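Residue-level listing of the chains:
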Amino acid sequence: QLQLVESGGGLVQPGGSLRLSCAASGFPLEDYAIGWFRQAPGKEREGVSCISSSGGITNYADSVKGRFTISRDNAKNTVYLHMNSLKPEDTAVYYCAAVLGRFCIMMANPEITDIWGKGTLVTVSS
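Description of the structure in this document. No experiment lies behind these values; they were computed from the predicted model shown.

Description of the nonpolar core
The tendency in soluble globular proteins is for nonpolar side chains to be buried side by side.
Thought 1: Among the nonpolar cores identified, the biggest contains 29 residues, and Leu4, Ile34, Trp36, Leu81, Met83 and Tyr94 are the most heavily contacted of them.
Thought 2: Elements supplying a minimum of two residues to this core: strand 3 (18-25), strand 4 (32-39), strand 5 (46-51), strand 7 (68-73), strand 8 (78-83), strand 9 (92-100) and strand 11 (120-124).
Thought 3: Excluding anything up to four places from it in sequence, tyrosine 94 contacts Glu6, Leu20, Trp36, Phe37, Arg38, Val48, Phe68, Leu81, Met83, Gly119, Thr120 and Val122.
Thought 4: Judged by nonpolar contacts, the second largest core, of seven residues, contains Phe37, Val99, Cys104 and Met106.

In structure tokens form, the structure reads like this:
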């Protein structure tokens, strides 16, 4: 009953932009910090970005700083990942993850994540 559903993935050319959405069902997103992870086939899962429950604190992997922006609209129970200047290296399945509490403690320890989405595929290719 508690779930996260990602959407917004697709095919985009290098240098293009895409906005991913993570919509929560069955629980109040405002009580959870929300992170984005990604995983390419044959590669390790990596943390991309995270936002505190209030939206006041954000974190980004060095590889996406200056290009990606995370935001949340608690009234809509949705978190967004705005991706600009996309590179082929950004190609992956993107997952959102929720942990109860203010801060993004699951980015260092993904195993403590309370709720995972099933992912949305982003392909960056010319």
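Things to note about the state of the cysteines
Thought 1: Here the structure, examined in full by the defined rule, presents two disulfides.
Thought 2: Bridging cysteine 22 to cysteine 96, the disulfide has an S-S length of 2.1 Å. Between cysteine 22 and cysteine 96, the disulfide has an S-S torsion of 75° and is therefore right-handed. Here cysteine 22 is found in strand 3, whereas its partner cysteine 96 is found in strand 9, with 74 residues between them in sequence.
Thought 3: Through a disulfide, cysteine 50 is tied to cysteine 104; the S-S separation comes to 2.0 Å. Taking the torsion about the sulfur-sulfur bond, which here is approximately -90°, the covalent link between cysteine 50 and cysteine 104 counts as left-handed. One end of the pair, cysteine 50, is in strand 5; the other, cysteine 104, is in the loop between strand 9 and strand 10 (115-116), and 54 residues separate them in sequence.

Scoring rules and cut-offs
- Residues numbered from 1 in each chain as written.
- Predicted model: local features only at pLDDT ≥ 70, side-chain atom pairs only at ≥ 80, totals over all residues.
- Heavy atoms only, no water.
- Core = buried A, V, L, I, M, F, W, Y, C linked by side-chain atoms within 4.5 Å.
- Buried < 20%, exposed > 50% of the residue type's maximum accessible area, 1.4 Å probe, protein only.
- Helix = DSSP H or I, 4+ residues; strand = E, 2+ residues; numbered from the N terminus.
- Contact = heavy atoms within 4.5 Å.
- Disulfide = S-S within 2.5 Å.

None of this, on its own, says anything about what the molecule does.
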